[in-house]
Amino acid sequence: MAKIELLSPAGDLEKLKIAVLYGANAVFIGGKELSLRSRASNFTIEDIKEASTFAHKYGAKVHVTCNIVMHNKDLNNILEYLKNLEAAGVDAIISSSIYIISLIKKYTKMEAHVSTQASTANNQAVKFYERLDADRIVLARELSINEIKEVRKSTKKEIEVFIHGGMCASFSGRCMLSNNMSNRDANRGGCSHSCRWNYNLFDENNNQINDDNSYFSLSSKDLCAVKAIPNLIDIGVNSLKIEGRMKSLHYIATITDAYRRLIDDYYQNGFINNFDKYINLINKAENRLTSTGFLLTNISLEQQLFDDSNAPTKEFVGIILDYDAETHVATVEQRNYFLPNSILEVFSPQNEFNISIGNIYDLDGNILDAARHPRQIIKFKTDKPLTKNSLLRLI
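Residues numbered from 1 in each chain as written. Predicted model: local features only at pLDDT ≥ 70, side-chain atom pairs only at ≥ 80, totals over all residues. Heavy atoms only, no water.

**A closer look at the layout of surface pockets**
And then number 1: Estimates place the volume of the second largest pocket at around 290 Å³.
And then number 2: If you trace the second largest pocket, you find 17 residues lining it, with A2, K3, I4, E5 and N238 closest to the centre.
And then number 3: Among the residues making up the lining of the second largest pocket, the classes are represented as six nonpolar, five polar and six charged. (1 Å grid on protein atoms, 1.4 Å probe; cavity = no way out; pocket = protein on both sides within 12 Å on 5 of 7 lines; lining within 4 Å. Points joined across faces, edges and corners; volume = space filled by probe spheres on them. Nonpolar A, V, L, I, M, F, W, Y, C, P; charged D, E, K, R; others polar.)

This is the structure we're talking about:
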């Protein structure tokens, strides 16, 4: 059996390249049409051509989402768009539309993946998509390990399971909260994440019950399936999916790298005796509390998010553009504020270590009192060799 696929999100071309470099076997992106993340920096056809060329160079695949709930006005030029995606080198289309799936199978050589928006949660639903000749079914995020195992036994088609990221208040993303509260259609790319807003609680007399230092939300903790990965591999799941096309470059690199290490370690050793080291890596980028969702337990209050004040995070401050081995000068694109004479963590695929820096310089050689301008190109000296596309974090 082929090694399980690690599938990472990418909201733009830079994030796609980082996802691949940090260990993704495939990436999923949105085009300018039919995508559920309208506020992401979605890819033009030219972007997708470049993305496909880059991904294929590293042996990775590109999946494009066409997963909005379609209305009649969305039906124009779909086949032309699909053929343009195929010509751009796309490997697979992710869609919940039976119509789009049928077009992919009839008129293109791309794979058709049934989106989680289809809420596929049982064997008979899987058999239905088998009859459409779908290549892969992305299962609903509301299934347990045992339920996934039963689905796996029922089909020879590829199955994909979400392992990390946001969980929705409604069933696999089919939510109307955003529509009602902000007039933004969650099922057509406009979700305002109303379930994550801060709410106050009032009694029948309109008296506020909670104090001003606490809040209530309608959302769950984010999914983190680190402890379920060995089971999912053993079951025979084909692809493990990280959610988050709106997430930062640092988040995508960190989460992808953590799961890459975990998957490789399990294949190499046949067991994992310490999940904490992967969770600790994830905690350096995760900005919400997490749980295993539906995978390992019955849902209880433990999976709900009532207070995120203890959410872990670690500051991402820059990305390495170049390192001169003779002068020991690193060229860095700054992303967040940091000071001279700092200790920074260098983070690259499968590796991390600390460096101490002294002065920070701009490109004209002027000493800076701080790196304070996002995306400014700066330089500093360090004796430890650095590689391009390594990330810098504050300690």
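**Comments concerning helix α1 (residues 13-21)**
And then number 1: Where α1 is concerned, the buried positions are L13, K15, L16, I18, A19 and V20.
And then number 2: Where α1 is buried, its residues contact β1 (5-9), β2 (26-30), α2 (45-57), α9 (249-269) and β11 (316-324).
And then number 3: A side-chain oxygen of the first residue of α1 lies 3.2 Å from the backbone nitrogen of E14; this N-cap is D12.
And then number 4: Looking one or two residues beyond α1, the residue adopting positive phi is G23, at roughly 120°. (Buried < 20%, exposed > 50% of the residue type's maximum accessible area, 1.4 Å probe, protein only. Helix = DSSP H or I, 4+ residues; strand = E, 2+ residues; numbered from the N terminus. Contact = heavy atoms within 4.5 Å. Polar contact = N/O pair within 3.5 Å; in protein donor to acceptor, adjacent residues only side chain to side chain.)

**Focus on the nonpolar core**
And then number 1: Within the largest apolar cluster, 78 residues are counted, with the highest numbers of intra-cluster contacts made by L82, L85, I93, L232 and Y259.
And then number 2: Per-element accounting of this core gives the leading share, eight residues, to α9.
And then number 3: Beyond its immediate sequence surroundings of up to four residues, Y259 is in contact with L6, I163, H164, C224, A225, V226, I229, I242 and I282. (Core = buried A, V, L, I, M, F, W, Y, C linked by side-chain atoms within 4.5 Å.)

**A word on empty space enclosed by the protein**
And then number 1: Applying the stated criterion across every chain, the model contains two cavities of 30 Å³ or more.
And then number 2: In this model, the largest cavity occupies a volume close to 70 Å³.
And then number 3: As for the largest cavity, its lining consists of L139, A140, R141, L143, I148, E160, V161, F162, L223 and L295.
And then number 4: Considering every element that reaches the lining of the largest cavity, the biggest residue donor is strand β7 (residues 158-165), with three residues.

**Thoughts on unusual backbone geometry**
What is expected of a backbone is that most residues other than glycine have negative phi and most peptide bonds are trans.
And then number 1: Its identity as a non-glycine residue notwithstanding, N206 has a phi of 65°, on the positive side.
And then number 2: Here N206 lies in the loop between α7 (177-182) and β8 (222-224).
And then number 3: Unlike most non-glycine residues, R375 shows phi in positive territory, near 75°.
And then number 4: Within the secondary structure, R375 sits in the loop between β16 (367-368) and β17 (377-381).

**Examining the packing of aromatic side chains**
And then number 1: What the rule picks out here adds up to three aromatic pairs.
And then number 2: A centroid spacing of 4.9 Å and a plane angle of 40° characterise the contact between F54 and Y58, whose relative ring orientation is tilted.
And then number 3: Note on F54: relative accessible area 16%, which makes it buried.
And then number 4: Positioned above the aromatic ring of F28, the side-chain terminus of K241 is 4.5 Å from the ring centre.
And then number 5: A cation over a ring is seen here: R393 above F347, with NZ or CZ 4.0 Å from the ring centre. (Phe/Tyr/Trp six-rings, centres within 6.5 Å; stacked < 30°, edge-to-face > 60°. Lys NZ or Arg CZ within 6 Å of the ring centre and 35° of its normal.)

**Description of the environment of G30**
And then number 1: Structurally, G30 is set in strand β2.
And then number 2: When the C-alpha atoms of G30 and I94 are compared, they prove to be 9.7 Å apart, with 64 residues separating the residues in sequence.

**As for the pairing of strand β9 (residues 239-242)**
And then number 1: Burial of the side chains of β9 extends over both faces: S239 and K241 are buried on one face and L240 and I242 on the other.
And then number 2: Here three bridges tie β1 to β9, and the two strands are oriented parallel to one another. Along β9, the bridge assignment pairs E5 with S239.
And then number 3: Where β7 and β9 come together, four bridges link them in parallel fashion. Pairing of F162 across the sheet is with K241, part of β9. (Pairing = 2+ DSSP bridges.)

**Description of the pattern of salt bridges**
And then number 1: One pass over the full model with this rule turns up 23 salt bridges.
And then number 2: A salt bridge links E14 to R335; its shortest N-O distance comes to 2.7 Å. In this pair, E14 is assigned in helix α1 and R335 in the loop between β12 (329-334) and β13 (343-348), connecting sequence segments 321 residues apart.
And then number 3: Judged by relative accessible area, R335 falls into the buried class, the value being 13%.
And then number 4: The salt bridge partner of K157 is D133, with a shortest N-O separation of 3.1 Å. Of this pair, K157 sits in the loop between α6 (145-154) and β7 while D133 sits in the loop between α5 (123-131) and β6 (136-138), placing them 24 residues apart in sequence.
And then number 5: Overall, D133 belongs to the partly exposed group, its relative accessible area being 39%. (Salt bridge = Lys/Arg side-chain N within 4 Å of Asp/Glu carboxyl O.)

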